[in-house]
Amino acid sequence: MAATDYKTLSELLYYGRCQYFGHMKEVANDAIARYGDDPVLIFFRAFASLLDFNIQEAIRDLETIKNEENVELCTLMALIVAYKEQTHSDREAVAAFDEKLKEKRKVASANSLRFAGLFLALSSRPDKALQYADRMIKIDQNCFEGYVLRGWTYLMDSQINSEKADELRRKAEKDFESAEALTHEPGNELEMLLGKSKCYELKGDTQKALQTLVTIRQANFIPKMNELLRLELALGKWESAYQSATELHSEIEGKENLFALNCIILYRLAYEGNYTEAGNDLRSFFDLLQRKEPQNVNLYIVHCRLFSSMCGRNMLVLRQTNATMHSVVTSFERTSINLLEYGNQMLLAASSKEDLEAASKVMIKAVEADPDNTRAMLAFNMCKVLLEKTKEFDKIYRELDMLKETMTTTVTKEDMAFLAELLYVQALILQSKNKIDEVPIVLRKAVEYLQSSVPKVPMSPEYLLALNADLRLSIVKCLIRCFPPEPLVPGKQPPAAMSFAKNVLDTVVNAVPGLIEAKFHLAKIKYLAGDLEAACVILQDSIEKTKEADMSDAHLLLALILVEMDQFSKAEQSLSTALSLNFSIRSTPGYHVIKAKIQSRSGDTAGCRKTLESAIALPGVRKVTARQGSAGGSKESGALITESDRLSIFLQLSEALRKEGNIHEATKIMTDAMNEFRGTSEESRVMIANADLDLSRGDSESALTSLKKIEPSKPCYVQAREKMAEVYLNHRHDRKSFAQCYKELVEKQPNVRTKMLLGDAYMNILEIDKAIVVYQSAYKENQNDVGLIKKIAQAFVKMHYYTQAIAYYKSAYKKDPSIKHELISLLIRLHQYDEALKLLDETEPQEQTYDLSRLMENSRNFMARATIAKAKKNMNEYEQMLRKAQVQQREVLRRVKVEQPEGFAEQIEFAMQIVNRLAEYSIDQGNLKEAVELYQRASKFRENDTKLQMKIIKLHMQMGNLDECESQCVNLIKADLDNNEAVSMMAELMLAKNDLEEAQRYYNKMVEKKPDDFHALHQAIRCYRFKGDLESAAKLLENAKSYSSRAILEPGFAFCNGYYSMHMGNANEALKELNKCRKDSEWGLLSLRHMVEICLNPHHTILGAEAFEDISGEKGVDDTMSVSLRTADKLLAELKALKDSSDYGILDAHLSLATKHVSDAMNKFQALASQRPVAASLGIATGHMLKKNQDAARKELKKILKDSTWSLEDSEWFERAFLLYADLAIQAGKIDIAGETLEQCLQYNKSCAKAYEYLGLLHEKEQRYVEACLNYEQAWKHCHHSDPAIGYKLAFNYLKAKRFIEAIEVSQAVLKENPNYPKIKKEILEKARSSFRA
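Residues numbered from 1 in each chain as written. Predicted model: local features only at pLDDT ≥ 70, side-chain atom pairs only at ≥ 80, totals over all residues. Heavy atoms only, no water.

Q: Help me understand the overall build of the protein chain in this model?
A: Counting secondary structure elements, the protein chain contains 71 helices and two strands. Rg of the C-alpha trace for the protein chain: 38 Å, near the compact-globule value of 34 Å for 1334 residues, within the 12% margin. Projecting the C-alpha coordinates of the protein chain onto the three principal axes gives extents of approximately 110 × 95 × 70 Å. Among the 1334 residues that make up the protein chain, the fraction classed as buried is 54%. (Helix = DSSP H or I, 4+ residues; strand = E, 2+ residues; numbered from the N terminus. Rg over C-alpha atoms; globule rule 2.2 N^0.38 Å. Buried < 20%, exposed > 50% of the residue type's maximum accessible area, 1.4 Å probe, protein only.)

Shown next, in the form of structure tokens:
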């Protein structure tokens, strides 16, 4: 060969390790085409064929090289395997090869031993491969290849032998380091560097892994590029990984990268949640897999399992995986494994009983193909459970128990995943039998097994596959069905099962943040736990980010949460949105339950009653008319009716009738409910609701009597006792009887849970000593319950028994490290600083970590150290620790909003603590400027924090920055018009201001007081525009929208939104919004005027200007502009009918200019000169420019600029006059005059992009590219990146200023929106890239 083609050999080995056998064969064939029939290449081609089960093809190749010295040993080994794999094994041939192998092994060279070792390692026989590697090193202590082979063998063994994985990785790393120290041929280090990088990756040192890979200098080396991509995933850099994968994967046939496309799909599914794009990419992926790996069945199975496990059972994805597995079972041998995976895919996609039965038939075939396949048997039993074959449930449960018994004590990771599925099936059976208390116990064990099956590797396809997000979601859904449907009272600790379900979902969401279903159920658990704010944030974030159409379930849940938060109008909006997305929900009880809640809580009792009366008449609500599902519900007319929803209708209807004073009917409905749900899991809710009905009548005695009737054997006994205790405490104020309820509960059901309830009761009535005794009694029964240990510690703190409290906190910390900071806070409070530091030293912060939870922990650690340092008067260390905390928290805030939005508010609060401490320290040191900067950075996250703003203003006042102080005051008054302190300070700072500034102040006040005052809103937006701060107006629009649910339907809001969009450069959106109100009597005139202006000049060009003509390269009127002008003509006809001849006349004349009827236009302007002198003079000047009569144009413009006074009414015409006059000055070479004119223009409108563009041109002509860049940057900013010509000029000047990265970024931004924009790619983008590389 290829003896020195180390790149090809490394690629062969890489694909072999990845089990990409088709790729391996392709690389070998390409190399053979270059080098001829090289024995090593032929061997690897044969090896690939053998691994791909092309036995005869492999034998043909192997027979041709079996006597070649370097590959003789490995060829003989491969021939033995090949002949054994044949349908009719040739024993004589195998024996002959085996005998020859023994002889040749005795005299084998190091090279021959090496290839034999490689064959064994890639054949998953690391123990044998090690023998060959050891022998190579024994022959030659400086054998570079021997150490590399042994290192890779240890690494591959570590992935099989999980118990010794760490030890094997350490051995591998040592061998690679030994190899690195030896001399070797240039280029032969590829395998060593890849191995060394893999060692670092597997032990979690991703940075070193990256640094090692970067040292590989081979160009177009696929293993390096793939591994770099893998490391980006490991670091959690999803966006960067996606960009890298997109660049690495080429759509050109023959250059596609399977792993890169795999990563693109993972990004779509795991991070973005974009199932539509994922479905398209999956089609490409499996087509590519078919071309590249046509015989590699295992790859089909693995990838179908991977993608289907993280798509939230989305049908766009599952159709692809189902079709792929169907192709596998029809094209290849129908083995039990193939059939099982096909059945699993059908099961995931099943949406009806028929689908389940079809999947069940495939599972039967899988069992028949291999009766010993326990996984197939389990899958078949799961189908039976889902098909609700209840008569077989006992038998299935026993069979599964027996299967568990047969599992050995030392199980593999695959066995653990299997046991997790088995326990999940058992939990479904228990749930169907209403054994609710047992379900969480079984599922907790299932998750423990599942977690044990996940390898200790960074984020990767292998990790995501083992994570099995789909099974975890199924477990959580099963748990949720065990919880009460109503949220807990705020402050009440959620049950252990609920916290456990949340932890399961946290694991899924952290790994697969794009899995919308996981976020939905996390929000649901937060809701049930009473954490309404967090639930609301999660849902709103999911709805905002999802690219899928149907989010009706999320909107329904959001409506439910908003009701509990007393935000009824928003709840109604969410309910309406859910209905618009899926109209069929109108026939479900759940929809009526939520609608009735909204009506009830907002005071519409009659509407609530009518809604519930309609709901109770729905099929299946009053009586179960269809089979009961495993979810505890019935199915009628295609809608799932759960027991919970049925009962909610009864209870809410009873409550509505009670509120209307119809106690008799309310009692009757409650009696019906008691009869309907007696003996079910919902009976407790009925009993408690009945007691509530008695209490509403003021009859606490009847409530207590009915609650006392519930026997200890009933599943609702605990809830009944809790309700009784509440009655005694809140209605009878009997603390003794309150505690007695819980004491009796402990007597009847003595367990940890009831004892904790008794302890909580004692804490509630401040009998803390008794609470401690009860808690300690519970602790003796369960010493692993961290929540219980915390309760004991907190009770001791309240009693001021700090020594005992610390002891219990330390005990809790050993079991749950998250307790650490509560313990540290206590130690600091008690001035035990050395103890606190000792605790902090146990978990030394890793400043380079990329794990979000670890980053959060780092911030808290540094903050604790800062607190200790300050207490010890060590101010240098105090500052150092605070700055480290600030750095860590900055990264936390950057990521938490995307990855854990529900925790964003909490992290902001913690960030503010850091900022306040740092600012206070800076003030003490006399560094006021730094304190201001700190507060300003914090204000980006706390825009409405008036206290924070006042701190900034006062600091500016101390520093003498009066202008800045004024600016801050203005912003503060916008946010809080009632802030008298800010208004007072503003008055002190006021200097002589023009009317515009005064208007800004008053309009902001008006808008703050009444956000839907659209006249004030329009003027406020206008002022913002003139101040060059148009983006800030978006907040006013959002405020108006939030203030009133009808705001978006108001013509005034549409006009303001259209005006804003018009000046943001979004002409289409502006026309759309303005069109909504053009028929309105109040807003129609202005709307039409602006619509005409947009149609006449959609790109904000200056008609008649010539300075930019050569740059734009666009002349004449294109088809789009023709359509736009025709539209303007139609709109002008409407404007004419609105009795505003001045606006109509000016705009009509401008239409004539735009259509090149210059003389006609000038006559019209002359006629309007007395009414609208500024607008008319500008029009005449423009006409002269179009006629190339520049002197006459200059004369008209001077009339405007020198003889007229600027006014807000004519501000638009003045601005155009300034720009046209500057254009004339530039053409005449009068640069100073042009500059002064443009500065004057900007004085009145600081967001005038054209003015900045002209200023940039002035500097560009003088070859002052740095200054040109600054002005073009402003132009680019204020055109809001909508004008590609400005983008072109900015990129060009960046190139000239040698700011190549910025040139590339702006060029890409222009090309993204305007792919065919002339010259920019060749003249700027490519040159910038070349210069940057140079």
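Q: Help me understand helix α62 (residues 1158-1167) in this model?
A: Because the α-helix completes a turn every 3.6 residues, residues three or four places apart line up on one side. When α62 is considered as a whole, its buried residues turn out to be V1158, A1161, M1162 and F1165. The arc that holds the buried residues of α62, viewed along the axis, is 100°, so those residues lie on one side. Across α62 from its buried face, at more than 90 degrees, point the exposed residues N1163 and A1167. (Arc of directions from axis to C-beta.)

Q: Would you mind going over the packing of aromatic side chains with me for this structure?
A: Any two aromatic rings considered together are summarised by their centre-to-centre distance and by the angle between their planes. Applying the stated criterion across every chain yields a total of 24 aromatic pairs. Look at W152 and F176: their rings are 6.1 Å apart centre to centre, the planes differ by 75°, and that puts the pair in the edge-to-face class. Of this pair, W152 sits in helix α9 (residues 144-158) while F176 sits in helix α10 (residues 165-181), placing them 24 residues apart in sequence. A relative accessible area of 9% places W152 in the buried class. The exposure class assigned to F176 is buried, which follows from its relative accessible area of 0%. Both rings, one in Y878 and one in Y921, keep their centres 6.0 Å apart while their planes meet at 65°; by these two values the pair is edge-to-face. In this pair, Y878 sits in helix α47 (residues 875-899) while Y921 sits in helix α48 (residues 904-924), placing the two residues 43 residues apart along the sequence. Y921 matches Y878 in its accessibility class, with the two residues each being buried. Each residue in the set F43, F44, F47, F115 and F119 is aromatic and connected to the rest through ring pairs, giving one cluster. Above the ring of F500, the side-chain terminus of R444 is found at 4.5 Å from the ring centroid. We note K445 situated over the ring of Y449; from NZ or CZ to the ring centre the distance is 5.2 Å. (Phe/Tyr/Trp six-rings, centres within 6.5 Å; stacked < 30°, edge-to-face > 60°. Lys NZ or Arg CZ within 6 Å of the ring centre and 35° of its normal.)

Q: Mind showing me how you'd approach the state of the cysteines here?
A: Covalent bonding between the sulfur atoms of two cysteines defines a disulfide. For the structure on display, the rule yields zero disulfides. Here C74 stays unpaired: no disulfide links it, and the sulfur of C143, its closest cysteine neighbor, is 16 Å away. Free of any disulfide, C1077 has its nearest neighbouring cysteine sulfur in C1056, separated by 8.8 Å. Overall, the relative accessible area of 0% leaves C1077 in the buried class. (Disulfide = S-S within 2.5 Å.)

That's the geometry; what it means functionally is another story.
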